[in-house]
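Structural characterization, general
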Amino acid sequence: MFIAQQPLPAPPAGGAAIGEVLIALLLSLGVMLPVGWFLVRERAGKPTVIGRAADWVASKDGLPRWAGLPSYLTVTALLTAGFGVWWDVATHMQNGRDEGPLANPSHYPIFLAILGFFSAGIISMTLAKGDLPRRSFRIAPGWHAPMGAMIITAAGAIALVGFPADDVWHRLFGQDVTEWGPTHIMMIGGAVTCVLGIPLLFAEARQLGYPGALGFAGKLRSAIALSVCIVPFAFLMEFDLGVPQFPAATQFIIAGFLVGWIFTAVRAYFGPGGALLAWGIYIGAHLFLLGTTALLDDVLLARFLLFLPSAVLIELVAFVVSPRRGIAFGVTSGVLVGTVGMLAEWQWSKVFMPLPQPLPASALPLMLAVGTAAAIGGGLLAGWHVRMLARVGARDGVSHETSFDGFESGLRRGRLGFAVAPGRALFGFWQRRQVALTSPDNGGVLRKHGAGLAGVLVFIALMAVFAPPTANEGLTGTVQLSDVTYEDGRQAEECDGEAKCLARVTVTMAPAAAAEDAVWFYALAWQGRHENAEPDLPRDPMGDAPGVLRVALRPTGTPGEYVSEHKLPFYGNWKTLIRVHQAPTVHMALPLHAPNDPAIESAKGRQIVTGDGETVELITEHEFLQREIKDDVPGWLWAAAYGVVNTSWLVLIGFYGWCYAMAAYGAPNGRRRATSGGASGGASGGAKRHVSSGA
């Protein structure tokens, strides 16, 4: 293993330059100053452009001014953030770390989107005038806001704080090139949970009898809003890109929990077709992300899990176990999602997902077990979630019955009269399958909220046990190189680490069972593309993207011996390794090549070139994949930093639950009508309320 090389040009491994901090500050001021000016004028009762726009939207969609426009802004910002994140994570896998937080163009849509949905929450709070839900959040005397607006604002706040916190984290601990870095989770987590406020806003509008929230159209709109809450699938992205840095069990935990939660909730809320509707939103979001990132030049494209079998299973369960039986329906759905549904995803991974999938059949018992536990937790949360929404939306004197009359008129106007009879029959079937989602009026916290709390705790416990990678000391691998190829055509037995060189790798693991029993065992070369990369950079065998190679290792027939299907790079900026993941949480790496990185002062930053015939002791994968992380940080500072981030998330999750619980069970505010009027802030907000609705 050679340790000599002239340092290659390398981006900084710490915090941002002051110039980029100023750019971020100017962008923030450019968005937040106009929003602040709107807030002051709107609350003073003066006309505003945003207020007029909200009233116009309300006149079209029949929702309150504080529900429609802010919700659409939130979804638009979320799609923008998704595009940026799918671009950004792939770019880091291909290029390595950034020159700075704003040197990467993908960071601009992310940052602007965070400002966008945070502003949407503030706009909703500011537009809250006139009739408000019976239980709202008191911001100041005479100023109350819907609970849904508070969720969007709180999620936007943690995401926005995550941006400067990310720079501070890099200065203290070094850069963590993984989607699941603590401050990255603050930003991405805020983005994917802000949507929890939208179905609550629509339920609050339903409570007040706004026409856009009633009837079939209102129910469909609310079901779509609830379906959008599937977007935490963003945390599966490293698996979708083929470079997961955390144990495989977490993929099954996240997938099982999300499907068990959202698909089950939408089926219970909407009735027949609800789970399929949620699946349609899931697939639509992925197709949008795939389509937009495909427009970019040479960006690694993410694959995705299917989830359709689970949606069908939940639809079938609802015909046997009524969604009215919340816990029974959720648990039954969770069991089938975690077993049959996740088994179907394993089959799907064989044809569509990148390495290191599909996982070996020997890993399935563990994966299905944790996936089932998580899906049951999601099912429990689903029952609580839809019952809170139903309770918030209920109001004496307001009928939520639907009819086919509106659909029939539309079909006849469109000269589709032939579709009226089958449409009426289908609608009648859907209507007959509707169930009342009741929640207890009396009892303590556990009786009202225990199932939802249990579901969340199951997920947190599973992630706490199975997410942190661990080590297995004493594993070694003997490397043999063949088909060594230099760019100038010369022949050699090994690569020198200087000139462009690729080689086929054969590795003999000791003990042999280290690979035979592995959850995954494959070769990875990543972060090989940089500013001055050569035009014929090696490209991924599956994704055809430069800068990253995911290469299978095939057994040779000799116990413990495997050979790479393709040649691997041993030069330039490439970080090349063999990855070994053993159940349940062991992550080890056999380093093959890494450049001399002058920005990393510790020994981890020195060049690695593994030679032919060399026996190498495996190291923890975290040490190699995240070599930028500093070694000299005191343990108490790590503990304090993680404590702050974890506590902030626990508080935020608790706040989300409190908003839902207060909206459903909280005592009515003393005054439901805000004292502050305004030129664009009437009680109706552009939508006249009524007490019954057709289609």
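Look up: the structure comes first, before these words.
Structural notes, computed from the coordinates. (Residues numbered from 1 in each chain as written. Predicted model: local features only at pLDDT ≥ 70, side-chain atom pairs only at ≥ 80, totals over all residues. Heavy atoms only, no water.)

Let's shift gears to the overall build of the chain. Each helix and strand counted, the chain has 20 helices and 13 strands in total. Its C-alpha atoms give the chain principal-axis dimensions of about 85 × 55 × 55 Å. Burial analysis of the chain (695 residues in total) assigns 57% to the buried set. Within the chain, contacts between residues separated by at least 24 positions form 77% of all contacts whose residues are at least 6 apart in sequence. As presented, the chain carries roughly 26400 Å² of accessible surface, and 65% of it is formed by carbon and sulfur atoms. With 50 positive and 51 negative side-chain charges, the chain shows a spacing of 22 Å between the two charge centroids. (Helix = DSSP H or I, 4+ residues; strand = E, 2+ residues; numbered from the N terminus. Buried < 20%, exposed > 50% of the residue type's maximum accessible area, 1.4 Å probe, protein only. Contact = heavy atoms within 4.5 Å. Areas by Shrake-Rupley, 256 points an atom, 1.4 Å probe, with all protein chains shown as cover. Lys, Arg positive; Asp, Glu negative; His and termini not counted. Charge placed at Lys NZ, Arg CZ, Asp CG, Glu CD.)

With that out of the way, let us pick up the pairing of strand E4 (residues 501–510). Along E4, seven of the ten residues are buried, which leaves the element largely enclosed by surrounding structure. The sheet contact formed by strand E3 (residues 476–486) and E4 spans nine bridges and is antiparallel. Its bridge partner being in E4, Thr 485 is matched across the sheet by Leu 502. Of the strand pairs in this sheet, E4 and strand E8 (residues 568–569) are connected by two bridges, and their pairing is antiparallel. (Pairing = 2+ DSSP bridges.)

With that settled, consider the state of the cysteines. Within the structure shown, the criterion is met by one disulfide. Not part of a disulfide, Cys 194 finds its nearest cysteine sulfur in Cys 229, a span of 9.1 Å. (Disulfide = S-S within 2.5 Å.)

Together, Ile 18, Val 21, Leu 22, Leu 25, Leu 26, Leu 29 and Leu 33 give the surface a local cluster of nonpolar side chains, amounting to about 670 Å² of exposed area. Topologically, Leu 25 is positioned in helix H1 (residues 18–43). You can call Leu 25 partly exposed: its relative accessible area is 46%. (Patch = residues over 30% accessible without salt bridge, like charges linked within 9 Å, V, L, I, M, F, W, Y side chains within 5 Å. Salt bridge = Lys/Arg side-chain N within 4 Å of Asp/Glu carboxyl O.)

Okay, the pattern of salt bridges next. Summed over all chains, the structure comprises 18 salt bridges. With its nearest N and O atoms 3.3 Å apart, the salt bridge here joins Lys 129 to Glu 42. Within this pair, whereas Lys 129 is found in the loop between helix H4 (107–127) and strand E1 (137–140), its partner Glu 42 is found in helix H1, the two being separated by 87 residues in sequence. The class for Lys 129 is buried, based on a relative accessible area of 1%. Salt bridges sharing common partners tie together Glu 42, Asp 55, Arg 65 and Lys 129.

Everything listed is a geometric property; what it means functionally is a separate question.
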